[in-house]
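Given next are the chains, with one letter for each unit.
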Protein chains: 2
Amino acid sequence: VLKATLEYDGTRYRGWQAQMNARTVQGVFQGAVDQVLGEGVRVYGSGRTDAGVHALAQVASLHPRAGQLEAGPLPLERLRQGLNDHLPPDVHVLALENAPPDFHARHSALLRLYRYRVSRRRTAFAKPWVWWVRDPLDASRMNEAARLFLGRHDFSSFCENPDGHDSTLVEVSFSRVDVPEECPELILFRIGASHFLWKMVRRLVGALVEVGRGRLGPAELERMLRERSTAPAEWTAPPSGLFLEAVVYPGDPAPPEVPPATPGF
Amino acid sequence: VLKATLEYDGTRYRGWQAQMNARTVQGVFQGAVDQVLGEGVRVYGSGRTDAGVHALAQVASLHPRAGQLEAGPLPLERLRQGLNDHLPPDVHVLALENAPPDFHARHSALLRLYRYRVSRRRTAFAKPWVWWVRDPLDASRMNEAARLFLGRHDFSSFCENPDGHDSTLVEVSFSRVDVPEECPELILFRIGASHFLWKMVRRLVGALVEVGRGRLGPAELERMLRERSTAPAEWTAPPSGLFLEAVVYPGDPAPPEVPPATPGF
């Protein structure tokens, strides 16, 4: 089994998950794998990202059929370059490593970390990778509110189709809002949990921005974590600002508390 | 007369200069000016940028007809926001100021400064704004070669259609190659002159990259500045890496020697 770490600009994709008749990141990656490693190697991602959502480090596992790719040790760096040569410019394999035979990108993951970039400044270059919010935002109130998400909560108020999920209980282990020193026009929200519900991060961001605008107080936000509310659905933040930042597996170091605001670009 | 400073992502434009049947930055900016200030205000840029070339600070002058816009002092910040509201997300008015009546974005300019970004790393996010060069490049040799451009030279070897220009003599006052500390995978070439010839910067960059690869020596490069050569045309660097960084007018401070590698994004 191989472990691939990928970054992608999701702007021109219908999300990660392979679909019939739609261009997806998994689809183009599977295509590159088929061309470089031969057909029959199955690709699994750590999880779906929605249409327009980006990744700084999505993880995929590559599962060959029994006996396939066993002619000797694989020249991993050459394979990585070969995959990149077969990928469009907005998808990039950052790393390719050997993994234990029971490694699975989705089942083995301990933690997913997402980041969301809100920009307080209109610029000609950042639009595909931020949510530009024109109203003044109070970032420290947003950070206080983000701390309310920590711990185990029922996030059904912040999830599309809550009744379609086995459980809407999620344990959030990391949740904070920062204004990066090197980029003070940005407000960066980062949230880590073992798993996420559909549209959950974008709805939490929408609620945080309501808090930052002064339209939503901490008591109301806490109530939405206790009782199901339909309000957060109206605040869903656009996918452009959302990045899957890291997926943590057993043995991996914890992600850094305060990362650079604009990795890779 | 008003002076507007604009940034734009040139990826989806056929350059600055207005053209029939083509989407250009001047065209969309003139459209916004017509809607916000009323028809009849002519827009002139400091100079053309080619299709796919970007600007961090293109300057345009806005020339109303006699008597137009004279109802009192203009609310410049509101006008700037109004223009941005009428512009697509990849064009942004950074500043709008009053200028003397004889100010003209093109005729009054003393110096144009371009930057070119070469990336030594493939990434999923940077492609529209760099030239990704896979071969190892020697940045300090490139910097030594860039110094050869300083002073007054005949740049006909580095210009498309040299016989169509009044003169191919250009005085270059600034020319250097840096590796930005905060972004060591980039090689940044910056060149300043009173004016530039068609495709000149991209051909100089092409030659510098040949130097960086070790395929072109300083003596050959110097000869191309003395005798007309057709070789640089084959090395023309792609427009994606090129940015109009600044236009300097009388009274403006000089641009900084070493600017940030990635302003605005």
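Below is a summary of the structure that appears in this document. (Residues numbered from 1 in each chain as written. Chains lettered and ligands numbered in written order. Predicted model: local features only at pLDDT ≥ 70, side-chain atom pairs only at ≥ 80, totals over all residues. Heavy atoms only, no water.)

### A look at the overall build of chain A
Thinking step 1. Looking only at helices and strands, chain A has six helices and ten strands in total.
Thinking step 2. In terms of C-alpha radius of gyration, chain A reaches 19 Å, essentially the compact-globule figure of 18 Å for 265 residues.
Thinking step 3. Dimensions of chain A, computed from the C-alpha atoms along their principal axes, are close to 60 × 40 × 40 Å.
Thinking step 4. Each of the 265 residues in chain A was classed as buried or not, and the buried ones make up 54%.
Thinking step 5. Within chain A, contacts between residues separated by at least 24 positions form 72% of all contacts whose residues are at least 6 apart in sequence.
Thinking step 6. By element, 50% of the accessible surface of chain A is carried by carbon and sulfur atoms, the whole surface being about 11900 Å². (Helix = DSSP H or I, 4+ residues; strand = E, 2+ residues; numbered from the N terminus. Rg over C-alpha atoms; globule rule 2.2 N^0.38 Å. Buried < 20%, exposed > 50% of the residue type's maximum accessible area, 1.4 Å probe, protein only. Contact = heavy atoms within 4.5 Å. Areas by Shrake-Rupley, 256 points an atom, 1.4 Å probe, with all protein chains shown as cover.)

### Things to note about the environment of A:Thr24
All names here are of chain A.
Thinking step 1. Assignment of secondary structure puts Thr24 in the loop between β1 (2-8) and α1 (25-37).
Thinking step 2. A sequence separation of 14 residues divides Thr24 from Gly10, and the C-alpha atoms of the two residues are 8.7 Å apart.
Thinking step 3. Ignoring sequence-local partners within four residues, the contact set of Thr24 consists of Tyr13, Arg14, Gly15, Trp16, Gln17, Ala18 and Gln19.
Thinking step 4. At a separation of 3.5 Å, a polar atom in the side chain of Thr24 contacts the main-chain carbonyl oxygen of Gln17. (Polar contact = N/O pair within 3.5 Å; in protein donor to acceptor, adjacent residues only side chain to side chain.)

### A few points about the packing of helix α1 (residues 25-37) of chain B against helix α2 (residues 76-85) of chain B
Residue and element names in this part refer to chain B.
Thinking step 1. Between α1 and α2, whose axes approach to 9 Å, the crossing angle comes to 125°. In terms of their interaxial angle, α1 and α2 are classed as oblique. Read as a crossing pair, α1 and α2 show a hand that is right-handed. Two secondary-structure elements touch here, α1 through Phe29, Ala32, Val33, Val36 and Leu37 and α2 through Leu79, Gly82 and Leu83.
Thinking step 2. Of the residues belonging to the contact of α1 with α2, the class tally is seven nonpolar, one polar and no charged. (Axes fitted to C-alpha atoms, helices over the stretch in contact; angles between N-to-C directions. Parallel < 35°, antiparallel > 145°, perpendicular 65-115°, else oblique. Left-handed = near helix turned anticlockwise from the far one by under 90°. Nonpolar A, V, L, I, M, F, W, Y, C, P; charged D, E, K, R; others polar.)

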